Amino acid sequence: MGLLEGKRLLITGVLTESSIAFNVARLAQEEGARVVLTGYGRLSLVERIAKRLPEPPPVIELDVQNNEHLDTLADRVGEHLEGLDGVVHSIGFAPQSCLGGNFLNTPWEDVATALHVSTFSFKSLAVACLPLMKEGGAIVGLDFDASKAWPVYDWMGVAKAGLESCARYLARDLGKHGIRVNLVSAGPLRTMAARSIPGFQEFEESWPARAPLGWDLNDTTPAAKACVALLSDWFPATTGEIIHVDGGVHAMGA
């Protein structure tokens, strides 16, 4: 019996093999889960990456800013799975003006996009999947520690702070449905998202040296394992929590 034997999961954010979401999907399948992926934009890319998983899963389109996509998500997932036991939110985007030390000059329109895609979508995805989670389950989101003002992260840091607050409110309101809501706060990783952050090398240079356990910027497996654990039945009374998978940097002084 695998840790997720019989579980049915919806996983967003599988773009490349280097993504945390890809390794969540891989480990989940290895632990016995059935998986459906979502993709945005170039679905053919996601479908190609999906074929590299142990069991190539279905891929459905989801733009979290598209109400029609959200309103029909349960029906479209239902064509492949009769219900859901878990959902992984691995979605984030900010226009370039929101990053790289431009905090004081970023226009509201760009900030609004970052907050919509990176923060509000957590609630949107949870609500869209709720009809399929009649037996309860777990929703896990991917975070980056928002308790500090990081170099170059700027409005994405604000969006992550909103995500952390959103997770607590979702935990409050979804608990009556038997749904746990938690976040995994990973350290910096060389993913496609990281490459879009101007000045990301500042994290690359400092993080491994500050982490008591060390930190491999290329290894998404530790964060993926944390997600799989939270999706399992081994955290039955944990919700509204942030699990740090960052080598311990969050607990250290400057």
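Let me sum up the structure you'll find in this document. (Residues numbered from 1 in each chain as written. Predicted model: local features only at pLDDT ≥ 70, side-chain atom pairs only at ≥ 80, totals over all residues. Heavy atoms only, no water.)

## Comments concerning the overall build of the protein
Counting its regular elements, the protein contains nine helices and seven strands. Computed over C-alpha atoms, the radius of gyration of the protein comes to 17 Å, within 12% of the 18 Å expected from 2.2 N^0.38 for 254 residues, which places it in the range of a compact globule. Taken along its principal axes, the extent of the C-alpha atoms in the protein is 45 × 40 × 40 Å. For the protein, the computed accessible surface area is about 11600 Å², with 53% contributed by carbon and sulfur atoms. (Helix = DSSP H or I, 4+ residues; strand = E, 2+ residues; numbered from the N terminus. Rg over C-alpha atoms; globule rule 2.2 N^0.38 Å. Areas by Shrake-Rupley, 256 points an atom, 1.4 Å probe, with all protein chains shown as cover.)

## Brief notes about the packing of aromatic side chains
Across all of its chains, the model carries five aromatic pairs by this definition. When the centroid spacing of 4.4 Å and the interplanar angle of 10° are considered together, the rings of Phe103 and Trp155 count as stacked. With a gap of 52 residues between them, Phe103 in the loop between β4 (86-89) and α5 (108-129) and Trp155 in helix α6 (residues 154-174) connect regions that are remote in the sequence. Residue classification places Phe103 among the partly exposed residues on the basis of a relative accessible area of 36%. Geometrically, the ring pair formed by Phe144 and Trp150 is tilted, given 5.7 Å between the ring centres and 55° between the ring planes. For Trp150, a relative accessible area of 13% corresponds to the buried category. Taken together, the ring pairs connect Phe144, Trp150, Tyr153 and Trp207 into an aromatic cluster. (Phe/Tyr/Trp six-rings, centres within 6.5 Å; stacked < 30°, edge-to-face > 60°. Buried < 20%, exposed > 50% of the residue type's maximum accessible area, 1.4 Å probe, protein only.)

In short, geometric facts, not functional conclusions.
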